[in-house]
Amino acid sequence: MAPLWYKNALFYELPVRAFYDSNGDGHGDLAGVTRKLDYLQALGVDCLWLPPIYPSPLLDGGYDIADYYGIHPDFGTMADFKQLLTEAKRRGLRVIADLVLNHTSASHPWFQAARADRASPYRDYYVWNDTDQRYQAARIIFLDTETSNWAWDQTAGQYYWHRFYSSQPDLNYDNPAVQAEMLNVLKFWLDQGLDGFRCDAVPYLIEREGTNCENLPETHKFIKTVRNFVETHYPDCVLLAEANQWPHDLRPYFGDNDEFHMAFHFPVMPRIFMALGRGDASALIEILKATPAIPPENQWCTFLRNHDELTLEMVTDAERLWMWRRYAPEPRMRLNLGIRRRLAPLLGGDARQLELANALLFALPGTPIFYYGDEIGMGDNIWLPDRDGLRTPFQWDAGPNAGFSSAAPEQLYAPVVAEGPFSYQRVNLAAQLADSQSLWHRLRRLVTVRKAQPVFGCGEYEFLPLAGAQVFGLARRHAGEVVVALHNLTAEPQRVEIDPSQTPCLASWQGASAHDLVAERAAGQLRPTLTQTLGPYSYCWLKLEKDGAGPP
Ligand code: GLC
């Protein structure tokens with residue numbers, strides 16, 4: 001396997017339930033994903049992330065696991081899972097799955113045994129207390145539904161600790177037996193051939209009085225144990241952290257490349273929306289400047305949207321208010337500290353802004369991940385409960401049930417988006433494949449260009465000193481190659497001047513020619529400076545060529 005394969009890759013978040021229903025029961029399933037692998041390959045995807053596929057009462061989208069060693073019957077069987085891995089590997093695609101470390105479902109047999117009997121060996125798998133007054137400095141995450149991180153259990157006669165829904169009791173990582181159980185879970189799935197994990201909710205594993213119970217040293221210690229185990233037995237596998245934290249709290253999750261290989265860059269995400277909504281890159285530049293360097297083997301994972309609300313935890317109060325006013329004008333669009341909308345509705349369905357948002361994402365340091373359906377600009381349904389409106393069936397075509405399932409519409413796990421500008425009759429893959437100018441084709445092109453230029457996945461970056469913040473410009477550099485990426489965040493044309501004498505990493509490129517990688521055209525020379533005019537919400541990625549001979 002290629003070393004550091006995850007650095008120059010495209011990831012794709014694929015909720016199995018929502019993708020394709022192969023047996024007509026109204027639920028997407030693993031066999032459905034297998035059938036659509038050619039599609040994912042055509043898009044240029046390198047690695048799939050499957051949110052939880054395990055047996056679960058599904059009170060939190062499967063993040064409430066009732067059995068770590070099985071497949072939810074709605075999604076198929078272990079044989080289907082293995083078939084998916086085999087077919088994926090055959091196409092050079094990797095697959096990672098969610099590993100939910102922090103909690104189980106209350107219906108998990110461990111919790112059932114724990115609550116029923118104080119003497120049970122499973123009692124100490126969870127965090128119990130006689131009062132609900134411990135760890136008061138820990139915040140509540142699901143603010144709209146939970147009033148405390150403690151819940152009273154009548155059968156147990158004690159309170160139990162939970163950071164998410166009360167139907168998801170937290171595991172007790174001070175108990176070595178819990179740590180050993182989780183290593184077994186990891187081993188079981190990696191032995192099936194999985195390529196790694198997206199590790200859910202990692203900051204919250206350990207509780208300590210007098211702290212906010214996040215990012216504690218003992219949590220990092222356990223992560224190092226996990227990494228060491230993976231490194232020893234499965235060296236090509238990747239561990240991706242979900243830690244919704246500020247950059248200085250995120251940095252330790254890489255350790256000395258002895259914790260996670262990758263981590264989502266949560267604070268960057270809302271600032272991409274701020275940059276677009278304000279026509280000003282300042283907040284984005286500021287957070288990148290505040291982001292510490294990471295070991296060369298490690299990588300950020302950058303994203304625009306995922307299966308959760310667009311979280312606004314890593315912004316200031318004023319920024320959150322601004323984001324809500326700009327992107328969630330209806331109260332129903334808000335959830336907890338975030339916004340339950342998809343990418344295309346957030347950007348008003350504007351094709352230029354959708355392409356620009358992705359271009360910007362792709363130009364940033366890190367590995368980008370698509371959220372299923374965003375490659376065609378799917379819409380949402382804010383009237384469904386919780387985050388369900390972001391998880392509606394993939395819109396394959398304009399046929400019945402958007403081509404997702406042959407079941408009767410009322411049997412679908414969720415209704416397809418059938419009204420308004422994002423209805424499946426208007427927004428669907430078949431129509432976009434047939435139109436060479438569609439969002440899908442434009443994004444497909446971006447994916448190809450990005451993957452052909454290792455500067456994006458592996459290179460360093462430097463901000464261009466431009467006259468204003470209306471254009472977000474950065475130079476990416478790797479192995480003697482340079483790409484200058486310019487993004488106009490405004491609805492007006494913008495003129496920018498690139499001056500190599502003002503940009504250290506361009507200093508030796510005086511006289512070089514610029515080749516526009518996306519438009520595939522010559523774009524002038526750095527003699528002594530290079531001026532570019534960018535149309536409204538447009539961008540260009542310029543590869544510099546020293547011999548002045550144009551494209552390679
Ligand atoms: C993560 C998941 C989210 C889930 C939560 C609790 O944040 O992304 O969907 O609700 O963990 O498991």
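Residues numbered from 1 in each chain as written. Predicted model: local features only at pLDDT ≥ 70, side-chain atom pairs only at ≥ 80, totals over all residues. Heavy atoms only, no water.

Engineer: Explanation requested: the site of the ligand in the structure shown.
Structural biologist: Around the ligand, the neighbouring residues are Asp-60, Tyr-63, His-103, Phe-142, Phe-164, Gln-168, Arg-198, Asp-200, Glu-242, His-307, Asp-308 and Arg-387. Within the side chain of Asp-200, one N or O atom sits 2.8 Å away from an oxygen atom of the ligand. Taking Arg-387, its side chain carries an N or O atom lying 2.9 Å from an oxygen atom of the ligand. Here the ligand loses 95% of its free accessible area of 300 Å² to cover by the protein chains. Spatially, the ligand is embedded in the largest cavity. (Near = heavy atom within 4 Å. Polar contact = N/O pair within 3.5 Å; in protein donor to acceptor, adjacent residues only side chain to side chain. Areas by Shrake-Rupley, 256 points an atom, 1.4 Å probe, with all protein chains shown as cover. 1 Å grid on protein atoms, 1.4 Å probe; cavity = no way out; pocket = protein on both sides within 12 Å on 5 of 7 lines; lining within 4 Å. Sits in = over half its atoms within 2 Å of the grid points.)

Engineer: Before we go on, may I ask you to explain the packing of helix H9 (residues 268-278) against helix H10 (residues 282-289) in this structure?
Structural biologist: Relative orientation and spacing of two packed helices are given, respectively, by the angle between their axes and the distance between those axes. The N-to-C vectors of H9 and H10 enclose an angle of 155°; their axes lie 7 Å apart at closest approach. Considering the angle they form, H9 stands roughly antiparallel to H10. Contacts between H9 and H10 involve Val-268, Arg-271, Ile-272, Met-274, Ala-275 and Arg-278 from the former and Ala-283, Leu-284, Ile-287 and Leu-288 from the latter. (Axes fitted to C-alpha atoms, helices over the stretch in contact; angles between N-to-C directions. Helix = DSSP H or I, 4+ residues; strand = E, 2+ residues; numbered from the N terminus. Parallel < 35°, antiparallel > 145°, perpendicular 65-115°, else oblique. Contact = heavy atoms within 4.5 Å.)

Engineer: What am I meant to see in empty space enclosed by the protein here?
Structural biologist: Empty space left among the atoms is revealed by rolling a probe the size of a water molecule over them. One pass over the full model with this rule turns up 2 cavities of 30 Å³ or more. Size it by volume and the largest cavity reaches roughly 310 Å³. Surrounding the largest cavity, 23 residues form its lining, Ile-141, Phe-142, Phe-164, Glu-242 and Asp-308 being those nearest its centre. Split by residue class, the lining of the largest cavity holds 9 nonpolar, 7 polar and 7 charged. There is about 30 Å³ of room inside the second largest cavity. Lining the second largest cavity, in full, are Leu-304, Arg-305, Asn-358, Ile-369, Phe-370, Tyr-371 and Asp-374. In terms of residues, the lining of the second largest cavity owes the most to one element, strand S14 (residues 367-371), which gives 3 residues. Its residues placed into classes, the lining of the second largest cavity shows 4 nonpolar, 1 polar and 2 charged. (Points joined across faces, edges and corners; volume = space filled by probe spheres on them. Nonpolar A, V, L, I, M, F, W, Y, C, P; charged D, E, K, R; others polar.)

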